[in-house]
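Each chain, letter by letter, is given below.
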Amino acid sequence: MPDTLRRAIDAIEPEMIETRHHLHQNPELSFQEEKTAALVAERLGQLGLTVQTGVGGHGVVATLQGARPGRTLAIRADMDALPIQEQSRLPYCSRQPGVMHACGHDGHTTILLGTAKTLAALRGEMAGNVRFIFQPAEEVVGGAHRMCEAGVMDGVDAVIALHGWPQIGLGQIGVRSGAMMASAETFEIRIQGQGAHAAYPHLSVDPIVVGAQVVTALQTLVSRETDPNDPVVVTVGQFHAGTAYNIIPGTAHLAGTVRTLSNETRRSMPDRIRRVVEGVCAAARASCEFAYHEGTPPVMNDPGINNLIAEVGRETLGEENVLTIPHPSMGAEDFAVYLDYAPGAMFRLGLGETAPIHTPTFDFEDRALRVGVELFCRVALRFLDDPASKR
Ligand code: NI
């Protein structure tokens, strides 16, 4: 089987590279993935699959049914690009000013299309089903919720995904059991004070001074309230107030993000932040409005599915090419949402020497496409064959 599979992947490699370059040249921002979705739907249709389009936005879903009944594995790829002006000299450089596939979702989409094509040719030998989920709007952490609410995880026994990773060598993967990436949620604070002439501060309730105290007090949540062994990030990224140096404004607007690695801590953060914000404001005679926006949970990789990926990885790439990711990242990834519906795991696919993701010279490594396809295919075949692999 491995050799047959490799030959099948060899045969589609040139086409995959062409597809990836086409997607790279034509990136689309979150919630605008219309042409990308159309291309995906067309390719899946050519494989004889029944394709659903417009799922939770521009999402595309298709299920490959094997010859015999069995379990269902979902594989998810994200399709959206970022608002970055590409600064590369690649012949397939982005044609969209200010929009770029700087996170490699062009590679993820291509790998899942290649996986669908490879597995479709093997459906006669397959037991169970593989569902291909092409998700829009990952970068704004909105697409996964919408797709899951639209029912893409109905009947799914496990779910997997990958992310291309520059710090890992080509031909290598990174795996991690348990927490892999953080939750991400946002908050907004509007502080209402009392404006006055800058020379008469006693006539004011200065929202800038109150806001500065709020920012400082919020930092003590991580240093004094949460367990040092349980990582949390509280960052205030926006602080807007005032129009002139000699006017104390009436209001200040602050916004920030909260990252956690456990759902328990995640659930505790809105009340903690609200308590500090309202307490500081009350002490300073200001009033405030506070809003907390739910984003995405932490990515918690299921140990059984993670082991399956690692095992298949060691067999496919060699023992030394399956790396254990030492620490979780405080970055976020809305793949976490799928894990609320079924156990699963995400792994990192090594891209070798390339610029970091989310930078203007990043490019997905074409030679990694086939590695991703082979791993997805072999993990799928193993999962569907072996009920014990879901431990
Ligand atoms: Ni990404």
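Preceding block: the structure.
Conventions and cut-offs
Residues numbered from 1 in each chain as written. Predicted model: local features only at pLDDT ≥ 70, side-chain atom pairs only at ≥ 80, totals over all residues. Heavy atoms only, no water. Donors = N, O, S within 2.8 Å, 3.2 Å for Na, K, Ca; no water. Helix = DSSP H or I, 4+ residues; strand = E, 2+ residues; numbered from the N terminus. Buried < 20%, exposed > 50% of the residue type's maximum accessible area, 1.4 Å probe, protein only. Axes fitted to C-alpha atoms, helices over the stretch in contact; angles between N-to-C directions. Parallel < 35°, antiparallel > 145°, perpendicular 65-115°, else oblique. Left-handed = near helix turned anticlockwise from the far one by under 90°. Contact = heavy atoms within 4.5 Å. Nonpolar A, V, L, I, M, F, W, Y, C, P; charged D, E, K, R; others polar. Polar contact = N/O pair within 3.5 Å; in protein donor to acceptor, adjacent residues only side chain to side chain. Pairing = 2+ DSSP bridges. Core = buried A, V, L, I, M, F, W, Y, C linked by side-chain atoms within 4.5 Å. Phe/Tyr/Trp six-rings, centres within 6.5 Å; stacked < 30°, edge-to-face > 60°. Lys NZ or Arg CZ within 6 Å of the ring centre and 35° of its normal. Expected span 1.5 Å × (residues − 1). Salt bridge = Lys/Arg side-chain N within 4 Å of Asp/Glu carboxyl O.

**Q** Kindly report on the coordination of the nickel ion, identifying the contributing residues and their values.
**A** Taken together, the protein donors to the nickel ion comprise Cys103 (SG), His105 (NE2) and His163 (NE2), at separations of 2.2 to 2.3 Å. One chain supplies every donor to the nickel ion, and in sequence these donors are spaced C-x1-H-x57-H. Of the two residues, histidine 105 is situated in helix H3 (residues 105–120) and histidine 163 in strand E5 (residues 158–165); the sequence distance between them amounts to 58 residues. Summarising the burial analysis for this pair, histidine 105 and histidine 163 share the class buried.

**Q** Got a sec to walk through the packing of H3 against helix H8 (residues 367–385)? Specific residues and values, please.
**A** Where H3 meets H8, the closest approach of the two axes is 9 Å, and the angle between their N-to-C directions is 50°. Overall, the two elements H3 and H8 adopt an arrangement that is oblique. In terms of crossing hand, the pair formed by H3 and H8 is right-handed. Counting all contacts with H3, which are made through Gly107, Thr110, Ile111, Leu112, Gly114, Thr115, Thr118 and Leu119, the residues of H8 involved are Ala368, Leu369, Gly372, Val373, Phe376, Cys377, Ala380 and Leu381. Broken down by class, the residue content of the contact of H3 with H8 amounts to ten nonpolar, six polar and no charged.

**Q** Pulling in residues and values, what's your account of the side chain of glutamine 172?
**A** Residue placement: glutamine 172 occurs in the loop between E5 and strand E6 (173–175). Reaching out from glutamine 172, the side chain makes a polar contact with the side chain of asparagine 321 at a distance of 3.1 Å. When residues no more than four places from it in sequence are discounted, the contact partners of glutamine 172 are Leu317, Glu320, Asn321, Leu323, Arg348, Leu349 and Gly350.

**Q** Please set out the sheet that holds strand E8 (residues 184–192) residue by residue, giving values where relevant.
**A** Ordered by their spatial adjacency, four strands build an open sheet running E10-E12-E8-E13, and the pairing between neighbours is antiparallel. Strands with a single pairing partner mark the edges of an open sheet, and in this sheet they are strand E10 (232–241) and strand E13 (287–296). Geometrically, the sheet is characterised by an average inter-axis angle of 15° between neighbouring strands, direction not taken into account. Sheet analysis places E8 next to strand E12 (residues 251–260), joined by eight bridges and oriented antiparallel. By the bridge assignment, isoleucine 191 is partnered in E12 with alanine 252. Against the sheet, helix H5 (residues 207–225) touches E8, E10 and E12, its axis set at about 175° to E10.

**Q** Would you mind going over the nonpolar core in detail, with residue names and values included?
**A** Residues Leu44, Leu119, Phe132, Phe134, Ile173 and Ile309 are the most contacted members of the largest nonpolar core, which totals 65 residues. With twelve residues, H8 is the single largest residue contributor to this core. When near neighbours in sequence (up to four residues on either side) are disregarded, phenylalanine 132 contacts Leu49, Val60, Val61, Ala62, Leu64, Ile75, Leu112, Thr115, Ala116 and Leu119.

**Q** Report on the packing of aromatic side chains, specifying residues and quantitative values.
**A** Considering all chains together, one arrives at three aromatic pairs under this definition. Look at phenylalanine 290 and tyrosine 292: their rings are 6.3 Å apart centre to centre, the planes differ by 35°, and that puts the pair in the tilted class. By relative accessible area, phenylalanine 290 is classed as buried at 12%. Sitting over the face of the ring of phenylalanine 383, arginine 71 holds its NZ or CZ atom 3.8 Å from the ring centroid.

**Q** Account for helix H2 (residues 34–46), naming residues and giving values.
**A** The end-to-end C-alpha distance of H2 is 19 Å, a good match for the 18 Å that 13 residues give at a rise of 1.5 Å each. Those residues of H2 that sit buried are Thr36, Ala37, Leu39, Val40, Ala41 and Leu44. Glycine 48 sits one or two residues past H2 and shows a positive phi near 85°.

**Q** Pulling in residues and values, what's your account of the pattern of salt bridges?
**A** Summed over all chains, the structure comprises 22 salt bridges. Residue arginine 266 pairs with glutamate 185 through a salt bridge whose shortest N-O separation is 3.0 Å. With arginine 266 in helix H6 (residues 263–283) and glutamate 185 in strand E8, this residue pair connects regions lying 81 residues apart in the sequence. Among the residues examined, arginine 266 registers a relative accessible area of 13% and is labelled buried. Accessibility expressed as a relative area gives 5% for glutamate 185, which makes it buried. Measuring nitrogen to oxygen at the nearest pair gives 3.6 Å for the salt bridge that ties arginine 378 to glutamate 315. One end of the pair, arginine 378, is in helix H8; the other, glutamate 315, is in helix H7 (residues 303–317), and 63 residues separate them in sequence. Overlapping salt bridges bring together Arg6, Glu311, Glu315, Glu374, Arg378 and Arg382 as one network.

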